[in-house]
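The chain contents come next:
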Amino acid sequence: MDLEKRKTYLGGTDASAVLGLNRWRTPLMVWMEKTGHPAEDISDKLQVKLGVKLEQTVADLFEEETGKKVHKVNETIFHPEYDFLGANIDRKVEGERAILECKTTSAWKAQEYKDGNMPAEYILQCLHYLMVTGYDRAYLAVLIGNQDFIYQTIERDDLKLKPLLEKEVAWWREHIVKGSMPTQIMAEDNKALQMLYPMETTTSLVQLADEASVLFEQLEAFEQDQFILEKKIDEAKNKLKAMIGNSEGCQTPMYQATWKKQSITTVNSKKLKEEKPEIFTAYSKSSSTRVFRWTNTSKKSKKGA
């Protein structure tokens, strides 16, 4: 797929991301990718490569399971009215106005697919494809950990597609045409923000409005809750250790735990630098990143992350 061309439209994997409903991509990540800012390239990640290679396997299993025939569509399909909404479908189902979307996942995530459930990201991807192509239905097929194969039929529902279309069009016009950065910043955006703002260019402190004060108040409350929660977690673990005693571990009808000795070897970097500076220099690796620290000036307490 032409990655440069992908920057000119919203595709199926972008749909859930711009709505803030994707566990792996955020509105900020999509915006950075589409506007030419430095963005993380995940195409070389093993799970992505395996997903591409196993796509044909999933398609074959779908054909065997259903008796339907599918074929690849080696082109990007665009919405008839909005040329910035595109679809790169995995397969077209022969004899139907339908598509097949192929997915793979690990056995550890099998619970997500129980009782006919499917991840929201995949459902929205299929709805986006139906919206763009005008087709009647999508088949969503998933190979789970090389041990289970399931598929689900998603029928076209214009009542669902209309608000999706409106939201995607509005997002593109506001954040790509106008160029304004999304205000929906999420927990997964740390790396994206480091890439967007790799270093400070001024020593001045920006003056922020009351919205920032509210965020600081929330942050202080969350960190206090975290401190209490971590103490509760440590307390529960220590109670279980006391019950385990000299045994290797314990088990209950629902849980199992081990408490085993393990050795860790570390290097005394200070001593190595003093006694063997040439070795320390040869094997040292430097990196830099922006560190966020905050202070409650009324309490003189400093926090870092």
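Our structure's up above, just so we're on the same page.
Residues numbered from 1 in each chain as written. Predicted model: local features only at pLDDT ≥ 70, side-chain atom pairs only at ≥ 80, totals over all residues. Heavy atoms only, no water.

**Remarks on the environment of I279**
On the secondary structure map, I279 appears in helix α11 (residues 277–282). A residue is classified by how much of its surface remains accessible, and I279, at 38% relative accessible area, is partly exposed. (Helix = DSSP H or I, 4+ residues; strand = E, 2+ residues; numbered from the N terminus. Buried < 20%, exposed > 50% of the residue type's maximum accessible area, 1.4 Å probe, protein only.)

**Considering the packing of aromatic side chains**
Applying the stated rule across the entire model yields six aromatic pairs. For the pair F84 and W172, a centre-to-centre distance of 5.3 Å together with 5° between the ring planes defines the contact as stacked. In this pair, F84 sits in the loop between β2 (77–78) and β3 (86–87) while W172 sits in helix α7 (residues 158–177), placing the two residues 88 residues apart along the sequence. Of the two residues, F84 and W172, both sit in the buried class. An angle of 40° between the planes, with centres 6.2 Å apart, marks the rings of F216 and W294 as tilted. With F216 in helix α9 (residues 210–244) and W294 in strand β10 (residues 293–296), the pair connects residues that are 78 residues apart, well separated along the chain. We classify F216 as partly exposed; its relative accessible area is 37%. Since its relative accessible area comes to 6%, W294 is described here as buried. Sitting over the face of the ring of Y135, K92 holds its NZ or CZ atom 5.4 Å from the ring centroid. (Phe/Tyr/Trp six-rings, centres within 6.5 Å; stacked < 30°, edge-to-face > 60°. Lys NZ or Arg CZ within 6 Å of the ring centre and 35° of its normal.)

**Points about the packing of helix α3 (residues 27–34) against α7**
The geometry of α3 relative to α7 is characterised by a closest axis approach of 10 Å and an angle of 60° between their N-to-C directions. In terms of orientation, α3 and α7 fall into the oblique class. In the crossing of α3 with α7, the sense of the turn from one axis to the other is right-handed. Every residue of α7 that contacts α3 at P27, V30, W31 and K34 is listed here: W171, W172, H175 and I176. Here the contact of α3 with α7 is built from residues that sort into six nonpolar, one polar and one charged. (Axes fitted to C-alpha atoms, helices over the stretch in contact; angles between N-to-C directions. Parallel < 35°, antiparallel > 145°, perpendicular 65-115°, else oblique. Left-handed = near helix turned anticlockwise from the far one by under 90°. Contact = heavy atoms within 4.5 Å. Nonpolar A, V, L, I, M, F, W, Y, C, P; charged D, E, K, R; others polar.)

**Here's the deal with the pairing of strand β5 (residues 98–105)**
Across the eight residues that make up β5, a large majority, seven, are buried. Bridge count for strand β4 (residues 91–93) against β5 is three bridges, and the pairing is antiparallel. Bridging from a neighbouring strand, V93 pairs with A98 of β5. In textbook terms, the turn of a hairpin is the stretch between consecutive antiparallel strands, and for β4 and β5 this stretch comprises four residues, one of which, G95, has a positive phi near 80°. When β5 meets strand β6 (residues 137–144), the two strands line up parallel, connected through eight bridges. Of the residues in β6, the one forming a bridge with I99 is A138. With helix α6 (residues 120–133) bridging β5 and the parallel β6, this β-α-β connection has right-handed handedness. (Pairing = 2+ DSSP bridges. Right-handed = clockwise from strand over helix to strand, strands pointing away.)

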